[in-house]
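Here is what each chain is made of, one letter per residue.
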Amino acid sequence: MSARPVGLLGMDEEELVSLCGEMGEPPYRGRQIFSWLYAHGVSKFSQMTNIPKGFRAKLGEAARLEALELDRESKSTDGTEKYLWRLRDGARVESVRIPMRNVSGVMRWSLCVSTQVGCAMGCAFCLTAKMGFVRQLTAGEIVGQFLAARDLLAPGERLHNVVFMGMGEPLDNFDATVKAVKILTHPQANGVSPRRLTVSTVGVASRLKRFVSAVPGVGLAVSLHAADDETRGKLVPVNRKWNLRALLDECRELPMGERRRITFEYVMLRGVNDTKTDAKKLSRLLEGLKCKVNLIPWNPFPGTPFERPDDGRVEEFRRILLAAGVVATTRTPKGSDILAACGQLADAGRLSGRNALKQLNPL
Ligand code: SF4
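Residues numbered from 1 in each chain as written. Predicted model: local features only at pLDDT ≥ 70, side-chain atom pairs only at ≥ 80, totals over all residues. Heavy atoms only, no water.

Draft legend 1. Spatial organisation of the overall build of the protein chain. A tally of helices and strands in the protein chain yields 11 helices and 14 strands. Here the C-alpha atoms of the protein chain give a radius of gyration of 21 Å, agreeing with the 21 Å that 2.2 N^0.38 yields for 363 residues. Expressed along its principal axes, the backbone C-alpha trace of the protein chain runs to roughly 70 × 45 × 45 Å. The buried share of the protein chain, reckoned over its 363 residues, is 55%. Considering only residue pairs separated by 6 or more positions, the protein chain has 64% of its internal contacts joining residues 24 or more positions apart. Carbon and sulfur atoms make up 49% of the accessible area of the protein chain, which amounts to about 16,300 Å² in all. (Helix = DSSP H or I, 4+ residues; strand = E, 2+ residues; numbered from the N terminus. Rg over C-alpha atoms; globule rule 2.2 N^0.38 Å. Buried < 20%, exposed > 50% of the residue type's maximum accessible area, 1.4 Å probe, protein only. Contact = heavy atoms within 4.5 Å. Areas by Shrake-Rupley, 256 points an atom, 1.4 Å probe, with all protein chains shown as cover.)

Take a look at the structure:
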């Protein structure tokens with residue numbers, strides 16, 4: 001084992017069992033530590049009360065436990081909370097906790113986590129893109145957002161849903177994303193049901209099959225944002241590598257299982273992709289696909305040329321999809337007053353740096 005203390009957060013059960021084996025402990029000890037880390041979220045070895053004191057002392061020398069540090073917290077008038085976390089190397093990422101009511105009116109929390117510091121995908125309407133790509137998050141830093149946000153819940157509350165829709169493109173950080181999903185949905189981690197965890201991608205088509213096979217049962221959201229390649233290429237540069245046909249062909253072949261459908265995200269931008277013609281083209285594109293469309297009226301941030309369409313236009317778009325037999329919902333914007341809504345996350349410190357808002361890529 002290395003002389004430097006090894007970080008435990010982000011280790012899966014197998015790695016912890018193996019670490020304990022190297023330290024002369026039986027496999028069940030690794031499983032106990034797994035449960036302490038993720039089900040209980042302990043921050044000190046002394047809290048692992050079923051681990052013998054002598055081994056806890058050895059662990060304290062060989063390993064470290066580190067929670068994400070809360071740098072800033074913002075609260076929206078609609079109850080959404082945004083957390084800016086400081087990581088070990090000083091980099092910062094955001095998570096958003098969103099209040100949702102189910103059909104019976106019961107309040108539940110959803111947590112949106114980040115997978116990268118910044119993002120390399122360069123989507124034209126997204127504030128994170130203006131940071132550029134800084135670095136990948138480790139599985140521990142992704143899971144750490146869940147644990148730290150869970151610590152901030154009031155007694156009796158729980159995080160019901162988790163979405164990987166924060167800063168970064170999850171499939172561009174494939175291994176850490178898959179590992180974090182497996183930890184969060186592990187039954188001994190007391191985490192989330194796979195059905196209540198969704199990973200969103202901007203359309204990294206070559207990794208979709210591998211992802212769905214690696215974490216079956218987990219929700220998948222694919223961002224379309226346009227119904228033709230010309231518009232999509234301007235909004236989502238990844239379209240130049242995998243165009244709509246390549247992406248949707250891949251989606252049609254995904255082993256999604258009987259009951260699951262892909263969610264297609266569609267950010268609506270006034271005069272760019274919100275016309276009746278766009279809605280009709282979109283419904284034709286999705287013909288025969290088991291899916292639903294989530295319309296996201298664009299959430300503004302300073303310095304962009306885009307505008308949000310009015311509610312009537314969004315509803316008309318949705319009705320055209322429904323009439324064509326495509327299930328479609330409209331996402332109610334949450335937390336836009338604190339820049340916590342979809343596409344608004346960023347480390348402001350990095351944005352105020354060189355050329356941040358000059359990197360805009362208007363149509
Ligand atoms: S929308 Fe998502 S993939 Fe596109 S730049 Fe923003 S964070 Fe990256």
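Draft legend 2. Here's a closer look at the sheet that holds strand 5 (residues 92–101). Spatial strand order, 3-4-5-6-9-10-11-12-13-14: 10 strands in an open sheet with mixed pairing. Two strands in the sheet have a free side with no partner beyond their single neighbour: strand 3 (69–75) and strand 14 (327–330). Taking the axes of each pair of neighbouring strands and ignoring which way they run, one obtains an average angle of 25° across the sheet. (Pairing = 2+ DSSP bridges. Axes fitted to C-alpha atoms, helices over the stretch in contact; angles between N-to-C directions.)

Draft legend 3. A look at the domain arrangement of the protein chain. What the domain assignment reports for the protein chain is domain 1 (6–64) and domain 2 (69–359). The C-alpha centroid of domain 2 is placed 33 Å from the C-alpha centroid of domain 1. For the pairing of domain 1 and domain 2, the buried interface totals around 1,000 Å² over both sides, and the portion due to carbon and sulfur atoms is 59%. The tally of links between domain 1 and domain 2 comes to 1 salt bridge. Across the pair E15 and K179 runs a salt bridge, and its minimum N-O distance is 2.8 Å. (Domains from an automatic or database assignment. Buried area = accessible area lost by both parts, 1.4 Å probe. Salt bridge = Lys/Arg side-chain N within 4 Å of Asp/Glu carboxyl O.)

Draft legend 4. Representation of helix 3 (residues 53–62) in the model. Buried within helix 3 we find F55, R56, L59 and A62. Relative to the axis of helix 3, the buried residues are bounded by an arc of 130° and lie together on one face. Across helix 3 from its buried face, at more than 90 degrees, point the exposed residues K53 and E61. (Arc of directions from axis to C-beta.)

Draft legend 5. Here's a closer look at the site of the ligand. Around the ligand, the neighbouring residues are C119, M121, G122, C123, C126, A129, G168 and V202. Its residues assigned to classes, the shell around the ligand comprises 6 nonpolar, 2 polar and no charged. (Near = heavy atom within 4 Å. Nonpolar A, V, L, I, M, F, W, Y, C, P; charged D, E, K, R; others polar.)

Draft legend 6. Examining the pattern of salt bridges more closely. In this structure the tally under the stated criterion is 22 salt bridges. Here R318 ties to E315 by a salt bridge, and the two come within 3.1 Å at their closest N and O atoms. With R318 and E315 both in helix 10 (residues 311–323), this residue pair falls 3 residues apart, about one helical turn. The exposure class assigned to E315 is partly exposed, which follows from its relative accessible area of 24%. When salt bridges with common partners are traced through the structure, they connect E73, K75, E81 and R97 into a single cluster.

Draft legend 7. Region of interest: the side chain of D228. As for its position among the elements, D228 is in the loop between strand 11 (219–223) and helix 7 (229–235). The class of D228 is buried, set by a relative accessible area of 18%. Not counting residues up to four positions away in its chain, the partners in contact with D228 are L244, D278 and K281.

Draft legend 8. Examining the pairing of strand 12 (residues 262–268) more closely. Burial within strand 12 is extensive, with 7 of its 7 residues counted as buried. Side chains I262, F264, Y266 and M268 project from strand 12 onto one buried face, and the interleaved T263, E265 and V267 project onto a second face that is buried too. Relative to strand 12, strand 11 runs parallel, the two sharing 3 bridges. Paired with V222 across the bridge in strand 12 is F264. Looking at chain direction, strand 12 and strand 13 (residues 291–297) are connected through 7 bridges and run parallel. Paired with T263 across the two strands is K292, which belongs to strand 13.

Draft legend 9. Representation of the packing of aromatic side chains within the structure. Applying the stated criterion to the full structure yields 6 aromatic pairs. For the pair F174 and F211, a centre-to-centre distance of 6.4 Å together with 85° between the ring planes defines the contact as edge-to-face. Of this pair, F174 sits in helix 5 (residues 174–185) while F211 is found in helix 6 (residues 208–214), placing the two residues 37 residues apart along the sequence. Judged by relative accessible area, F174 falls into the buried class, the value being 8%. Residue classification places F211 among the buried residues on the basis of a relative accessible area of 1%. Ring-pair connections join several aromatic residues into one group, and the members of that group are W298, F301 and F306. Across from the ring centre of W109, 3.9 Å away, lies the NZ or CZ of R97, which sits over that ring. Between the NZ or CZ atom of R210 and the centre of the ring of F174, over which it lies, the distance is 4.0 Å. (Phe/Tyr/Trp six-rings, centres within 6.5 Å; stacked < 30°, edge-to-face > 60°. Lys NZ or Arg CZ within 6 Å of the ring centre and 35° of its normal.)

Draft legend 10. Inspection of helix 9 (residues 276–285) at higher detail. Buried within helix 9 we find D278, A279, L282 and S283. For helix 9, the angular spread of buried residues about the axis comes to 135°, placing them on one side. Exposed side of helix 9, more than 90 degrees from the buried face: T277 and R284 are the residues found there. Lining the buried residues of helix 9 we find strand 12, strand 13 and helix 10.

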